[in-house]
Amino acid sequence: MGNLIENMQGIPLNHYLIFCSIIFVIGVIGVLIRRNVIIIMMSIELMLNSVNLLLAAFSAYRGDPSGQVFVFFIMALAAAEVAVGLAIIIMVYRNTKSVDIDSLNKLRW
């Protein structure tokens, strides 16, 4: 465990910040631009994973395990989001025969 912390601290924290910021921005762009529900959910997962990586990096850099505890909570949240989101996607597909966001307007009154 000590060797892992030394290796994590060998990489500057700025590199983790830049990498996680790039991944998060890619996820935000995916949510804003794409119209497919599955792609949007994958982009949300990408954003959650970038936050997880950053929390783990801060946790290892400071030697404090509280960031890793938050990672487990975020992983549980992501699993619940996938389960509920997939159920919603299946119901939308059954009703509209499409997973396009624009087809959801048909579900209004």
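Just so you know, these numbers come straight off a predicted model, no measurement behind them. (Residues numbered from 1 in each chain as written. Predicted model: local features only at pLDDT ≥ 70, side-chain atom pairs only at ≥ 80, totals over all residues. Heavy atoms only, no water.)

A. Region of interest: the packing of helix H2 (residues 13-33) against helix H3 (residues 37-62). The N-to-C vectors of H2 and H3 enclose an angle of 165°; their axes lie 7 Å apart at closest approach. By the angle between their directions, the pair H2 and H3 is classed as roughly antiparallel. Judged by the sense of rotation from one axis to the other, the crossing of H2 with H3 is left-handed. Facing H2, whose interface residues are Leu13, Tyr16, Leu17, Phe19, Cys20, Ile23, Phe24, Ile26, Gly27, Val28, Gly30 and Val31, H3 presents Ile40, Ser43, Ile44, Leu46, Met47, Ser50, Val51, Leu53, Leu54, Ala57, Phe58 and Tyr61. (Axes fitted to C-alpha atoms, helices over the stretch in contact; angles between N-to-C directions. Helix = DSSP H or I, 4+ residues; strand = E, 2+ residues; numbered from the N terminus. Parallel < 35°, antiparallel > 145°, perpendicular 65-115°, else oblique. Left-handed = near helix turned anticlockwise from the far one by under 90°. Contact = heavy atoms within 4.5 Å.)

B. Seen up close, helix H4 (residues 66-96). Over its 31 residues, H4 runs 44 Å from end to end, which matches the ideal 45 Å to within 8%, given 1.5 Å per residue. Listed in full, the buried residues belonging to H4 are Gly67, Val71, Ile74, Ala78, Gly85, Ile89, Val92 and Thr96. Residues of H4 that are buried make contact with H3. Immediately downstream of H4, the backbone of Lys97 shows phi near 60°, a positive value. (Expected span 1.5 Å × (residues − 1). Buried < 20%, exposed > 50% of the residue type's maximum accessible area, 1.4 Å probe, protein only.)

C. The UniProt feature "transmembrane region" (unreviewed entry) in the protein, seen in detail. The UniProt record annotates "transmembrane region" (unreviewed entry) at residues 16-34, 46-63 and 69-93. Between the end C-alpha atoms of residues 46-63 the distance is 25 Å, and the span holds 94% helix and 0% strand. (UniProt positions renumbered as here; feature names shortened; annotations may be inferred.)

D. Structural context of the packing of H3 against H4. Remark: H3 packs on H4, axes separated minimally by 9 Å, with the N-to-C direction vectors making an angle of 175°. Between H3 and H4, the crossing angle belongs to the class labelled roughly antiparallel. Of the residues in the contact of H3 with H4, the class split is 16 nonpolar, six polar and two charged. (Nonpolar A, V, L, I, M, F, W, Y, C, P; charged D, E, K, R; others polar.)

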